[in-house]
Amino acid sequence: MAEKKTPKLDELENGRWPSFVTEIKKAAVKNEASKELLHLLERSYEEKRGHWKHGGIVGVKGYGGGVIGRYTDLPEDFPHLAAFHTVRINAPSGWFYKTDSLRKICDIWEKRGSGLMNFHGATGDAILLGTTTEQLQPIFDELSEEGFDLGGSGSDLRSPSCCVGPGRCEYACYDTLEACYNITNEFQDELHRPMWPYKFKIKFSGCANDCTAAIARSDCAVIGTWRDSLIIDQEAVKAYVADGFDVQTVVVDHCPTKCLKFDAETQELSVVAEECNRCMHCINRMPKAIRPGKEKGATILLGGKSTIVQSAFMGWVIVPFMKMEAENDFEEFKELLRNIWEWWDENGKTRERIGETIYRLGMSKFLRDVGLPAVPQMVYRPRANPYVFWPEEEIKK
Amino acid sequence: MAILDQGPLNYKEQLPPIILENYGKWRYHENPKPGILKHVSESGAELYSVRVGSPRLVSIDFIREICELADEFCDGYLRFTARHNVEFLVSDPAKLEPLMAKLAEKGLPVGGTGASVSNIVHTQGWVHCHTPATDSSGVVKAIMDELYDYFVTMELPAPVKISLACCLNMCGAAHCSDIAVVGVHRTPPRIDHEKIRKGTEIPSLVASCPTGAIRPNPKEKSVIVNEAKCMYCGNCYTMAPGMEIIDPENDGIAILVGGKVANARSNPMFSRMVIPFLPNNPPRWPEVTSAIRNIIETYKAHARKGEKLGEWIERIGWERFFTLTGIEFNEKLIDDFIFSRETFRTSAAFKY
């Protein structure tokens, strides 16, 4: 196509933050579709609208997901973007890579696609952005040869993701990297062959700081916690004080449950363990002196999702504490997931996330059907209305 | 032929030796400089992580370049963060300064740790999505240029996480961010009966509307929209290409603030709308960048150390937030959807 100018996008090469326009231009040197993408995007900047149509059905043999069809609505002007599909690669736990692994992706993508990628997509997959229909199967074949597999798309289990966990964090209350890897492998069928009412996301965070934003961004959030008391190293507390650290103001005064006490004279920090809600504030501020307890596991929360359709939900506590042990192959968690999915399959409507199904039918029905005991940790406070749906067996006939 | 269901790469084979050796043994960490984390193991081993801002939408050249750096300084390993940053994992402290020098030479910013503005989690926008109400990468670039100094320093009261979703599908799940930038439509869908007739399941389309604004139109073998009931969420357009919702002159951006996901001190919170609409004004979206700068600078000037944006607002009260920022409050900010009740003030105690 004729060389056209892209003044609006060129402006976004200025400024100190690294520019995606520069990246598209780098890809455009080697690839005609990327060059057209630059001009299509310039047109969007002029017209203030996107130029992509709804996805068509494309795929690879054996899978129902993993690739997403994408077509421009201006194929006459941009023939190389007539088909410009996405391939999702399931990223390794914690997004750790050997450079060799990344180079293998680059080599395949240089040969068979636009050369543009997202590291990473919002769900955590490595995203290959833009290729033609006939390249999809060869790309999958070659990625597979190098040990990669595709991620989820459509109404299936989306690629689970996790925080850096014990790989590089002293807060991790369970092995998030192993849990994510093990559970992803267990549910490969669910991940690759959409068969549910809608998508289902799982995120693993090692502690209540929730670095993967699991509570907001996943249908099932697995957030590390402990059951016993946090552990205080009094010598380390004294070392903080000696360094001029203000334990009272920075830590104790901001404890939400007021369960910490600092004796300025003895320089001793104490905790009323049964009043602590394990929020992580004190540990964040004094990691050398305060640690999670010994009896570690995770809180399971269900129902997190974004705005569409019935407003955004955060995950609700359905299991306050569960052991997450690699030695037991995470069996208790897997069993729970199977029960939840079976219930959702039976009760969910098309395009209804699990949180919406539970909200529509009631938390108590969900808990009864799935066999989870109701405990006070599940609610901030009990109901204020008397409208209880009494089970028949509790009523005198 | 591909092997089916072999699963992702085994992370154990992607971890650098220092992490394999100290797996689960990390004792504590420090944040000695913006963008640099120092983790110390029970064994005494020290690992320096250098966090680098990335545009997320990158070319193979970019990936190969960072691979070269990782080969030279990090034994051939690197990682990415949940917020699209690149992290170089340096086990030899002597390599830290040379790596930083190379990154500076390449114009790659080091920062995003502690009380900084971290990289923006965002969606595809006009680059590759069919439902966007705004662009993503361009808005993000404009905001990060504007807030660059807050990425490379740690001078805010607490970490500020910004997320951008280019429509209400919110692939970027922006709804619990300190600052959420959300693409919004403002006009009802325009129905293309021909397209609806061709390929749309009418009952599913009718069911997709959260306010019941869509009903069948048997005469046209299509649907009809009760425009007074439409809140422009775009869910019908996701279901049916014949429900054209994109409207260049009326689409734009809403700003929501005060969300958080961490449980530290206070419970996780949703972001709340403070600006219902700003126009799409590419390539620099000046109205959006200056609105965000105002919010961040007001927060910086008034919040206590360690206080998240949402915690600060909840402490002083939202009414004070509007006074201090000078942002106009109007009826569009009062919820009238299904979970509105909890947001109405049921107390005679408040401020001006």
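These lines cover the structure that appears in this document, whether it is placed above or below. It should be emphasised that the depicted structure is a prediction, and the values quoted were computed from it without experimental measurement.

Next up on the list: the overall build of chain B. Looking only at helices and strands, chain B has 11 helices and 14 strands in total. The principal-axis extents of the C-alpha atoms in chain B amount to approximately 75 × 65 × 35 Å. With 352 residues in all, chain B has 60% of them scored as buried. Carbon and sulfur atoms make up 52% of the accessible area of chain B, which amounts to about 13,800 Å² in all. In chain B, which carries 39 positive and 42 negative side-chain charges, the distance between the mean positions of the two groups comes to 5 Å.

Further remarks concern the sheet that holds strand β4 (residues 116-119) of chain A. The strand order across the open sheet formed by 5 strands is β1(A)-β2(A)-β5(A)-β4(A)-β4(B), and the pairing between neighbours is antiparallel. The open sheet terminates on both sides in strands that have one partner only, identified here as β1 (67-68) of chain A together with β4 (57-59) of chain B. Where β1 of chain A meets strand β2 (residues 86-89) of chain A, 2 bridges bridge the pair, whose relative direction is antiparallel. Residue Ile68 of chain A lies in a different strand from β2 of chain A, and its bridge partner there is Thr86 of chain A. Strands β1, β2 and β5 (126-129) of chain A of the sheet are contacted by helix α5 (residues 133-145) of chain A, whose axis makes an angle of about 15 degrees with β2 of chain A.

We now examine the pairing of strand β11 (residues 268-271) of chain A. Bridge count between strand β10 (residues 260-263) of chain A and β11 of chain A: 4 bridges; the pairing is antiparallel. Directly across from Phe262 of chain A, in β11 of chain A, lies its bridge partner Leu269 of chain A.

Overall, the coordinates contain 51 salt bridges over all chains when judged by the stated rule. The closest approach of N and O atoms between Arg43 of chain A and Glu47 of chain A, which form a salt bridge, is 3.0 Å. Within this pair, Arg43 of chain A and its partner Glu47 of chain A are both found in helix α3 (residues 32-47), separated by 4 residues, close to a single helical turn. Arg43 of chain A gets classed as partly exposed once you look at its relative accessible area, which sits at 24%. Between Lys308 of chain B and Asp178 of chain B there is a salt bridge, and its shortest N-O distance comes to 2.9 Å. Separated by 130 residues along the polypeptide, Lys308 of chain B in the loop between α9 (286-302) and α10 (309-316) and Asp178 of chain B in the loop between β7 (162-165) and β8 (179-184) bring together distant segments of the chain. Its relative accessible area of 10% is what places Lys308 of chain B among the buried residues. Taking the relative accessible area as the measure of exposure, Asp178 of chain B reaches 2% and is therefore buried.

Between its first and last C-alpha, helix α12 (residues 331-347) of chain A extends 24 Å over 17 residues, near the 24 Å set by a 1.5 Å rise per residue. Within α12 of chain A, the full set of buried residues consists of Phe333, Lys334, Leu336, Leu337, Ile340, Trp341, Trp343 and Trp344 of chain A.

With that settled, consider the packing of α9 of chain B against helix α11 (residues 318-325) of chain B. Residues and elements named next belong to chain B. The geometry of α9 relative to α11 is characterised by a closest axis approach of 10 Å and an angle of 110 degrees between their N-to-C directions. Overall, the two elements α9 and α11 adopt an arrangement that is roughly perpendicular. On the side of α9, the interface is formed by Asn294, Ile295, Thr298 and His302, while α11 contributes Phe321, Leu324 and Thr325. Tallied by class, the residues present in the contact of α9 with α11 amount to 3 nonpolar, 4 polar and no charged.

The next point concerns unusual backbone geometry. Residue and element names in this part refer to chain A. Residue His120 is reached from Phe119 by a cis peptide bond, and omega for that bond is 0 degrees. Here His120 lies in the loop between β4 and β5. Ile308 connects to Val309 through a cis peptide bond whose omega is 5 degrees. As for its position among the elements, Val309 is in the loop between β13 (296-302) and β14 (316-322). A positive phi angle is found at Gln267, which is not glycine, with a value near 60 degrees.

Residues and elements named next belong to chain A. Among all positions of helix α13 (residues 354-361), only Ile354, Gly355, Glu356, Thr357 and Ile358 are buried. Contacts from the buried residues of α13 go to β13, β14, α12 and α14 (363-370). Gly362, located one to two residues past α13, shows a positive phi value of around 100 degrees.

This part covers the side chain of Thr299 of chain A. All names here are of chain A. For Thr299, the location among the structural elements is in strand β13. A polar side-chain atom of Thr299 sits 2.8 Å from the main-chain carbonyl oxygen of Pro320. With residues near it in sequence (within four places) discarded, Thr299 still touches Ala221, Val222, Ile223, Thr225, Val317, Val319 and Pro320.

On to the nonpolar core, then. Counting 86 residues, the largest nonpolar core has Phe200, Phe204 and Phe333 of chain A as the members making the most contacts within it. If one sorts the elements of this core by residue count, α12 of chain A sits on top with 7 residues. Residues Val21 of chain A together with Phe151, Ala158 and Val274 of chain B belong to the second largest nonpolar core, which totals 63 residues.

Bringing the interface of chain B and chain A into the picture now. On the chain A side, the residues contacting the 116 residues of chain B number 116 residues. Across the interface of chain B and chain A, roughly 10,600 Å² is buried in total on both sides, 59% from carbon and sulfur atoms. On the chain B side of the contact with chain A, Trp126, His128 and Arg265 of chain B bury the most area, a combined 7% of that side's loss. Summed over the shared surface of chain B and chain A, the number is 12 salt bridges. A salt bridge links Lys30 of chain A to Asp61 of chain B; its shortest N-O distance comes to 2.8 Å. If you look at where chain B meets chain A, you find 63 residue pairs in polar contact (both at pLDDT 80 or more). Of all the elements, helix α2 (residues 60-73) of chain B adds the most residues to the side of chain B that touches chain A, at 10 residues. Considering only residue class, the side of chain B that touches chain A consists of 62 nonpolar, 32 polar and 22 charged.

Rules used in this analysis
- Residues numbered from 1 in each chain as written.
- Chains lettered and ligands numbered in written order.
- Predicted model: local features only at pLDDT ≥ 70, side-chain atom pairs only at ≥ 80, totals over all residues.
- Heavy atoms only, no water.
- Helix = DSSP H or I, 4+ residues; strand = E, 2+ residues; numbered from the N terminus.
- Buried < 20%, exposed > 50% of the residue type's maximum accessible area, 1.4 Å probe, protein only.
- Areas by Shrake-Rupley, 256 points an atom, 1.4 Å probe, with all protein chains shown as cover.
- Lys, Arg positive; Asp, Glu negative; His and termini not counted.
- Charge placed at Lys NZ, Arg CZ, Asp CG, Glu CD.
- Pairing = 2+ DSSP bridges.
- Contact = heavy atoms within 4.5 Å.
- Axes fitted to C-alpha atoms, helices over the stretch in contact; angles between N-to-C directions.
- Salt bridge = Lys/Arg side-chain N within 4 Å of Asp/Glu carboxyl O.
- Expected span 1.5 Å × (residues − 1).
- Parallel < 35°, antiparallel > 145°, perpendicular 65-115°, else oblique.
- Nonpolar A, V, L, I, M, F, W, Y, C, P; charged D, E, K, R; others polar.
- Polar contact = N/O pair within 3.5 Å; in protein donor to acceptor, adjacent residues only side chain to side chain.
- Core = buried A, V, L, I, M, F, W, Y, C linked by side-chain atoms within 4.5 Å.
- Buried area = accessible area lost by both parts, 1.4 Å probe.

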